[in-house]
Amino acid sequence: MRAVVVEHEEHEGPGLLGPALEAAGFTLVRRFRAVKREDVDAPLVVVMGGGMGVYEADAHPFLHDERALLGERLANDRACVGVCLGAQLLAAAAGATVSPGKNGFEVGVGPVRWTQDALKDPVVAGARARTPVAHWHGDTYTAVPGATLLASTDRYTQQAFRLGRSYGFQFHLELTARELGRWLGLFAADLVARGKDVAALEAQLPRLEAAEVENTELLHRLAHQLAKGLR
């Protein structure tokens with residue numbers, strides 16, 4: 001089973017999600033800032049994060065192609081997973097509006113609150129009501145038409161959703177503490193320019209490391225749920 005993984009940044013791959021998908025029987029087909037027509041019929045399409053915004057598609061034409069692909073797949077209930085920018089593209093493809101968040105840049109390690117609907121979901125069920133995850137986004141989206149809200153934070157209500165067989169996650173379940181630490185190092189100057197204390201963010205990393213087993217288990221449940229309908 002092919003899982004097309006669309007990436008937008010050299011430093012940002014599928015992380016912990018990759019091995020989870022492979023364990024569920026998927027073969028990863030990785031693409032960079034591009035999709036192919038054949039991807040509309042792939043068993044699974046995963047769209048990862050990136051520094052650009054959905055509303056900047058004129059400057060980044062590949063976003064038009066990705067959004068169109070996701071829209072066609074949603075119309076045919078073909079499974080998609082969106083992470084951060086990918087979740088925003090998935091939300092936009094379903095009819096939501098994506099925009100810069102009024103509550104500022106959400107970065108570091110912090111809990112998401114799973115909704116009651118989420119705790120009944122086959123992917124999320126078994127997770128704690130509040131799960132520490134990695135955050136790195138400044139944009140948000142309106143409620144996704146027809147979707148089930150799965151998670152929120154104090155800063156932003158829209159953090160995860162399920163729509164048909166597809167899932168969107170605004171946060172980064174795929175990131176280990178080590179990888180988030182690498183991002184903090186790579187983008188330290190930008191974070192300081194945004195008014196963030198990098199040392200304070202690095203001090204949060206042990207919380208993510210402690211949650212890694214739980215988050216990995218959730219990703220494996222996600223991968224097996226996605227594969228389940230394809231066998």
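Residues numbered from 1 in each chain as written. Predicted model: local features only at pLDDT ≥ 70, side-chain atom pairs only at ≥ 80, totals over all residues. Heavy atoms only, no water.

*Asks:* Kindly report on the pairing of strand S11 (residues 166-169), identifying the contributing residues and their values.
*Replies:* Because side chains alternate across S11, one face comprises the buried residues Ser166 and Gly168, and the other comprises Tyr167 and Phe169, equally buried. Of the pairings in the sheet, the one linking strand S4 (residues 80-83) to S11 comprises three bridges and is parallel in character. Bridge pairing links Val83 to Phe169 in S11. Across four bridges, strand S10 (residues 160-163) lies against S11 in antiparallel orientation. Residue pairing across strands places Arg162 opposite Tyr167, the latter belonging to S11. Where S10 folds back onto S11 in an antiparallel hairpin, the turn is made up of two residues, including Gly164, whose phi is positive at roughly 60 degrees. (Buried < 20%, exposed > 50% of the residue type's maximum accessible area, 1.4 Å probe, protein only. Helix = DSSP H or I, 4+ residues; strand = E, 2+ residues; numbered from the N terminus. Pairing = 2+ DSSP bridges.)

*Asks:* Give me the nonpolar core: which residues, what numbers.
*Replies:* In this structure, Leu44, Trp114, Phe169, Phe171 and Leu222 are the most contacted members of the largest nonpolar core, which totals 35 residues. Counting only elements with at least two residues in this core, the list comes to strand S1 (2-7), helix H1 (17-23), strand S3 (44-47), S4, strand S6 (106-114), strand S9 (148-152), S11 and helix H8 (212-228). Listed in part, the 26 residues of the second largest apolar core include Leu70, Cys80, Ala92 and Leu163. (Core = buried A, V, L, I, M, F, W, Y, C linked by side-chain atoms within 4.5 Å.)

*Asks:* For the packing of aromatic side chains, give the residues involved together with the corresponding values.
*Replies:* On inspection of all chains with the given rule, the structure shows seven aromatic pairs. Both rings, one in Phe105 and one in Trp136, keep their centres 6.3 Å apart while their planes meet at 85 degrees; by these two values the pair is edge-to-face. Note that Phe105 is positioned in the loop between strand S5 (98-100) and S6 and Trp136 in strand S7 (residues 130-137), a separation of 31 residues in sequence. Across the pair, exposure class does not vary: Phe105 and Trp136 are buried alike. (Phe/Tyr/Trp six-rings, centres within 6.5 Å; stacked < 30°, edge-to-face > 60°.)

*Asks:* Mind laying out the pairing of S1, listing which residues take part and the relevant values?
*Replies:* Of all six residues in S1, five are buried, a share of seventy percent or more. The pairing of S1 with strand S2 (residues 27-32) spans six bridges and is classified as parallel. Of the residues in S2, the one forming a bridge with Val4 is Val29. Each parallel crossover has a hand, and for S1 linked through H1 to S2 it is right-handed. Looking at chain direction, S1 and S3 are connected through four bridges and run parallel. By the bridge assignment for S3, Val4 is matched with Val45. (Right-handed = clockwise from strand over helix to strand, strands pointing away.)

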